[in-house]
Amino acid sequence: MKKIIIAEKIKEYRKIHRLTQGEFGRYIGVSAQAISKWERCECYPDITFLPQLAELLTCTVNDFFA
């Protein structure tokens, strides 16, 4: 079974680029609260955000699933 690792990739990217959850959220058009929930694995981004997230995080959509 594959594990979804979007939260880890978002946290890592934010820390490397010294972005707040709000700043990161503005890049993709969601609230800081949404980013917080994604990072805590309370929920996942809508599937329509995956290509944009992959581009921003310089990975592929497949990289979100390990």
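Computed from a predicted structure; not experimentally measured.

Could you give me a rundown of the packing of helix α2 (residues 21-28) against helix α3 (residues 32-39), with the residues and numbers involved?
At their nearest, the axes of α2 and α3 sit 8 Å apart, and the two run at 105° to each other. Put simply, α2 runs roughly perpendicular to α3. In contact with Q21, G22, F24, G25 and I28 of α2, α3 contributes A32, I35, S36, W38 and E39. Residues belonging to the contact of α2 with α3 are distributed by class as follows: five nonpolar, four polar and one charged.

Help me get a handle on the pattern of salt bridges, residues and values and all.
This structure, assessed with the given rule, holds two salt bridges. Across the pair R14 and E39 runs a salt bridge whose closest N-O atoms are separated by 2.5 Å. Taken together, the positions of R14 in helix α1 (residues 6-17) and E39 in helix α3 put the pair 25 residues apart, joining distant regions of the chain. Both residues of the pair, R14 and E39, belong to the buried class. For R40, the salt bridge goes to E42, with nearest N and O atoms at 2.8 Å. The class for R40 is partly exposed, based on a relative accessible area of 48%.

Lay out the nonpolar core with the relevant residues and their values.
If you look at the biggest cluster of nonpolar residues, it comprises 17 residues, and the most contacted ones within it are F24, W38, L53 and F64. When contributions to this core are tallied by element, the ones reaching two or more residues are α1, α2, α3 and α4 (50-56). Sequence-distant contacts of L53, defined by excluding residues within four places in its chain, comprise F24, I28, W38, P45 and F64.

Tell me about the environment of A32, residues and numbers included.
Residue placement: A32 occurs in helix α3. Through-space distance from the C-alpha of A32 to that of Q21 is 4.9 Å; in sequence the pair is 11 residues apart. The contacts of A32, once residues within four sequence positions are left out, are Q21 and G22.

So what's going on with the packing of aromatic side chains? Which residues, and what values?
Counted by the stated rule, this structure contains two aromatic pairs. Pairing W38 with F49 gives two aromatic rings, centres 6.1 Å apart and planes at 55°, and the pair type is tilted. A residue pair is termed long-range when its members are at least 10 positions apart, and W38 in helix α3 and F49 in the loop between α3 and α4 qualify at 11 residues. When sorted by exposure, W38 lands in the same class as F49, which is buried.

Reading the values: rules and limits
- Residues numbered from 1 in each chain as written.
- Predicted model: local features only at pLDDT ≥ 70, side-chain atom pairs only at ≥ 80, totals over all residues.
- Heavy atoms only, no water.
- Axes fitted to C-alpha atoms, helices over the stretch in contact; angles between N-to-C directions.
- Helix = DSSP H or I, 4+ residues; strand = E, 2+ residues; numbered from the N terminus.
- Parallel < 35°, antiparallel > 145°, perpendicular 65-115°, else oblique.
- Contact = heavy atoms within 4.5 Å.
- Nonpolar A, V, L, I, M, F, W, Y, C, P; charged D, E, K, R; others polar.
- Salt bridge = Lys/Arg side-chain N within 4 Å of Asp/Glu carboxyl O.
- Buried < 20%, exposed > 50% of the residue type's maximum accessible area, 1.4 Å probe, protein only.
- Core = buried A, V, L, I, M, F, W, Y, C linked by side-chain atoms within 4.5 Å.
- Phe/Tyr/Trp six-rings, centres within 6.5 Å; stacked < 30°, edge-to-face > 60°.

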